[in-house]
Amino acid sequence: MTLHLSAVIAGSSRYLGDACTIRQFRHTDFSGCMSPVVLVDHFVMTGPTFEPHTHAGVSAATLLLEDSTGVMQSLEGIENNREIRAGDLQWTQAGRGIVHAQRPAGDATLHGLQIFIDHPAHLKSLPPSTSLLRAADMPVIQTPSGKVRVVAGSYAGLESPLCTPEPLLILDGWLRPGATTLLPMPPGWNAWFYAVQGDLGVRARHRSKGGPPLPKVAGGDPDFAVLPAGSAAAASATPDGEEGVLLLMAGKVPVHFVLVAGPAVVAASEQGAGITPAADAALAEALTAYDAVESPATEDALSIC
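By the naming in an unreviewed UniProt entry, the protein chain is Pirin N-terminal domain-containing protein, taken from Achromobacter animicus.

Have a look at this one:
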């Protein structure tokens with residue numbers, strides 16, 4: 001197996017409306033290494049921002065970080081309207097289409113990430129659904145190196161109760177100064193990682209044991225990257241060979257990171273004739289709808305799926 005690290009992308013902070021700052025990362029920033037992740041927004045919200053808007057063909061995972069205060073109200077045109085609190089994850093599987101809004105309920109400072117996950121073509125037309133995973137129900141690994149919350153998937157022998165349509169790992173972790181943690185990388189998987197706080201070091205090992213490093217090239221070590229706070233990078237594992245591993249490390253200050261990993265979604269053009277236009281259209285619709293969030297639908301749209 002070979003692991004490829006992308007370039008480190010520094011997200012620039014900008015205002016989205018009058019009550020939200022945001023750092024945005026798109027799949028096009030990471031040379032194909034971000035799939036199945038399509039888009040990630042790191043936000044701090046104090047007032048209504050994500051008013052009624054549509055998604056299709058993807059899932060949206062809204063992770064409120066534990067330093068959030070107050071409540072996020074999630075309004076959907078299906079089954080439930082929910083209150084999301086610090087540390088919780090709201091999973092919205094858009095399927096063939098959903099309209100929703102997410103906003104602070106009263107006085108709140110909401111700090112979190114909204115993560116958009118692509119799916120294979122056969123999952124894009126499923127009925128929409130949502131679920132809420134409370135922070136208290138997430139497995140937590142506490143060691144001398146730090147703390148890792150297993151938001152989705154399995155890690156270090158613990159498994160999140162969140163059900164996702166495809167295998168997916170989401171970790172919300174903290175490392176103490178000088179500490180490290182290992183992330184196994186199965187063949188064909190990608191990982192996207194983000195430094196919320198502190199400088200995150202990442203070392204790629206092409207085999208779990210005894211793998212030789214890539215040859216050094218002019219301009220730096222291709223197997224190593226440092227992510228300053230507010231920056232992200234991705235790693236891609238080739239589909240052949242044995243399992244690799246990513247070594248995540250903190251420097252002289254504590255590090256808070258979020259990591260999302262899963263099997264790369266095969267490009268629509270590789271999934272077979274006859275479904276490519278629908279798959280492309282679903283993903284394009286989701287991204288276009290997000291770009292148009294500042295031109296929301298009417299309140300009546302909340303009853304439309």
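*Asks:* Help me understand the packing of aromatic side chains, please; the structure alone is not making it clear to me.
*Replies:* Two numbers describe a pair of aromatic rings. These are the distance of the centres and the angle of the planes. Enumeration over the complete set of coordinates arrives at four aromatic pairs. Within the aromatic cluster, the residues linked to one another by ring pairs are F25, F30, W192 and Y194. Geometry around W174 places K147 over its ring, the cationic atom sitting 4.7 Å from the centre.

*Asks:* Explanation requested: the nonpolar core in the structure shown.
*Replies:* Where a protein is soluble and globular, its nonpolar side chains tend to be buried together. Grouped together as the largest cluster of nonpolar side chains are 31 residues, with contacts concentrated most on L171, L183, M185, F193, L246 and L259. If you look at the next biggest cluster of nonpolar residues, it comprises 28 residues, including M34, L65, A152 and V258.

*Asks:* Any chance you could explain the pattern of salt bridges here in plain terms?
*Replies:* Side-chain pairing between opposite charges can occur once the charged atoms of the two side chains come close. Tallied over the entire structure, the rule returns six salt bridges. When the shortest N-O distance is used, the salt bridge between E83 and R85 registers 2.9 Å. Using a relative accessible area of 39% as the deciding quantity, one classes E83 as partly exposed. D172 is the partner of R149 in a salt bridge, and the nearest nitrogen-oxygen pair spans 2.9 Å. Linking R149 in strand β15 (residues 146-152) with D172 in strand β18 (residues 169-175), this pair joins segments that are 23 residues apart in sequence. By the burial criterion, R149 is buried, and D172 matches it.

*Asks:* I tried to follow the environment of E166 on my own but got confused; where do I start?
*Replies:* Tracing the backbone through its elements, the reader meets E166 in the loop between β17 (158-159) and β18. The class for E166 is partly exposed, based on a relative accessible area of 30%. A sequence separation of 47 residues divides E166 from H119, and the C-alpha atoms of the two residues are 7.6 Å apart. Apart from the residues lying within four places of it in its own chain, the contact partners of E166 are H119, P120 and L123.

*Asks:* Whenever I open this one, the sheet that holds strand β5 (residues 37-45) confuses me. Can you help?
*Replies:* What links the strands of a sheet is backbone hydrogen bonding, and the strands pair in either a parallel or an antiparallel sense. The seven strands are arranged β3-β4-β5-β12-β7-β10-β13 in an open sheet whose pairing can be described as antiparallel. Edge positions in the open sheet fall to β3 (14-15) and β13 (129-133), since each of these has one partner strand only. Taken together, the seven bridges between strand β4 (residues 20-26) and β5 define a ladder with antiparallel strand orientation. By the bridge assignment for β5, Q24 is matched with D41.

*Asks:* Just checking my understanding: could you explain the side chain of R82 for this structure?
*Replies:* On the secondary structure map, R82 appears in strand β9 (residues 82-84). By relative accessible area, R82 is classed as buried at 17%. Polar contacts involving the side chain of R82 include one to the side chain of T130, which spans 2.6 Å.

*Asks:* Hey, could you run me through the pairing of strand β14 (residues 140-143) in this one?
*Replies:* A regular strand carries its side chains on alternate faces of the sheet. With four bridges connecting them, β14 and β15 associate as antiparallel partners. When the bridges of β15 are listed, T143 appears paired with G146.

*Asks:* Help me out: how do you make sense of unusual backbone geometry in this one?
*Replies:* What you tend to see is this: most non-glycine residues have negative phi, and most peptide bonds are trans. Of note, the amide linkage connecting S35 to P36 takes the cis form, showing an omega dihedral of 15°. Mapping P36 onto the fold places it in the loop between β4 and β5. In this model, S31 sits at a positive phi of 50°, which is unusual for a non-glycine residue. Topologically, S31 is positioned in the loop between β4 and β5. Phi at A156 takes a positive value of approximately 50°, unusual for a residue other than glycine. Tracing the chain through its elements places A156 in the loop between β16 (154-155) and β17.

*Asks:* What exactly am I supposed to notice about the environment of C33 here?
*Replies:* Tracing the backbone shows C33 in the loop between β4 and β5. Sequence separation of C33 and W189 is 156 residues, and the distance between their C-alpha atoms is 9.0 Å. For C33, the contacting residues outside a window of four places in its chain are H4, S6, N190, A191, A234, A235 and S236.

*Asks:* Explain the confidence of the model for the protein chain here, please?
*Replies:* Keep in mind that low pLDDT regions are not for reading the predicted coordinates in detail. Per-residue pLDDT for the protein chain averages 82, and the proportion of residues at 70 or more is 78%. Residue range residues 268-279 is modelled with pLDDT below 50. Its contacts to residues more than four positions away, or to other chains, number 11 contacts. This stretch, residues 289-305, has a pLDDT under 50; its non-local contacts, to residues over four places away or in other chains, come to 37 contacts.

Reading the values: the criteria
Residues numbered from 1 in each chain as written. Predicted model: local features only at pLDDT ≥ 70, side-chain atom pairs only at ≥ 80, totals over all residues. Heavy atoms only, no water. Phe/Tyr/Trp six-rings, centres within 6.5 Å; stacked < 30°, edge-to-face > 60°. Lys NZ or Arg CZ within 6 Å of the ring centre and 35° of its normal. Core = buried A, V, L, I, M, F, W, Y, C linked by side-chain atoms within 4.5 Å. Buried < 20%, exposed > 50% of the residue type's maximum accessible area, 1.4 Å probe, protein only. Salt bridge = Lys/Arg side-chain N within 4 Å of Asp/Glu carboxyl O. Helix = DSSP H or I, 4+ residues; strand = E, 2+ residues; numbered from the N terminus. Contact = heavy atoms within 4.5 Å. Pairing = 2+ DSSP bridges. Polar contact = N/O pair within 3.5 Å; in protein donor to acceptor, adjacent residues only side chain to side chain. pLDDT = per-residue confidence, 0-100.

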